Structure formats: structure tokens, C-alpha cells
Amino acid sequence: MDPSIAPASRAAAVTPNDTAIVGARALYIGTAGDVAIAPRRDMDPVIFKSVPAGTILPVHAAIVALTGTTASNIIALF
């Protein structure tokens, strides 16, 4: 299967941080709130507002920024 469309095979808890590289293919949001994601480390974060609990955001997340993130229990999917 093409790895770019294959389901995630690993997961890890995410602690939002303005500089730490996550490199996730998608994020699971456990507790509702805003999620600030930089799709590449050389880009400013984009804030996804009011993401409901239980959502899987199918976006590449190089960084899950602390500034702007109010959601919690975030899991990175690789």
C-alpha cells in the first residue's frame, strides 16, 4: 500500500510546544478546544477553532503549538 495513504501505524501523546517537532500525519483530539498547527516548521501555526472531542484532524502537523492550543489529550498519529 502507498505509505502516503496507509492508515497510521504508530501513535504518541502530544504536549503542545511552540518549537518541538511532532511530524504527525494526523491528530486525534481527546478534549475539545482550539488546536494550533504548523504544517511545516517554517510556517506560522493555523488555529483550528472549537475542534470537538473525538475528532481526527487529517492534517500534517510538524508542530502543535502551545500558543493558541486549548484542546488537550492530543494524540499524534504516524
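Structural notes, computed from the coordinates. Just so we're clear, the structure is a prediction, and the values are computed from it rather than from any experiment.

**Looking at the pattern of salt bridges**
Line of reasoning, step 1. Applying the stated criterion across every chain yields a total of two salt bridges.
Line of reasoning, step 2. Asp42 is the salt-bridge partner of Arg40, the closest N and O atoms lying 3.0 Å from each other.
Line of reasoning, step 3. The class of Arg40 is partly exposed, set by a relative accessible area of 48%.

**Digging into the sheet that holds strand 6 (residues 63-65)**
Line of reasoning, step 1. On the basis of which strands lie adjacent, the open sheet formed by three strands has the order 4-3-6 and antiparallel pairing. Looking at strand neighbours, the two that pair on one side only are strand 4 (46-51) and strand 6, the edges of this open sheet. For this sheet, the mean angle separating the axes of adjacent strands, direction not counted, is 30°.
Line of reasoning, step 2. With three bridges connecting them, strand 3 (residues 33-38) and strand 6 associate as antiparallel partners. Bridge pairing links Ala38 to Ile63 in strand 6.

**Focus on the sheet that holds strand 2 (residues 26-31)**
Line of reasoning, step 1. Strand order in the open sheet formed by four strands is 1-7-2-5, and the pairing between neighbours is antiparallel. A single partner strand is all that each edge strand has here, and the edge strands are strand 1 (11-14) and strand 5 (55-57). Pairs of neighbouring strands in the sheet enclose a mean axial angle of 25°, with direction left out of account.
Line of reasoning, step 2. Looking at chain direction, strand 1 and strand 7 (residues 72-77) are connected through four bridges and run antiparallel. Across the sheet, Ala11 pairs through a bridge with Leu77, a residue of strand 7.

Conventions used here
Residues numbered from 1 in each chain as written. Predicted model: local features only at pLDDT ≥ 70, side-chain atom pairs only at ≥ 80, totals over all residues. Heavy atoms only, no water. Salt bridge = Lys/Arg side-chain N within 4 Å of Asp/Glu carboxyl O. Buried < 20%, exposed > 50% of the residue type's maximum accessible area, 1.4 Å probe, protein only. Pairing = 2+ DSSP bridges. Helix = DSSP H or I, 4+ residues; strand = E, 2+ residues; numbered from the N terminus. Axes fitted to C-alpha atoms, helices over the stretch in contact; angles between N-to-C directions.

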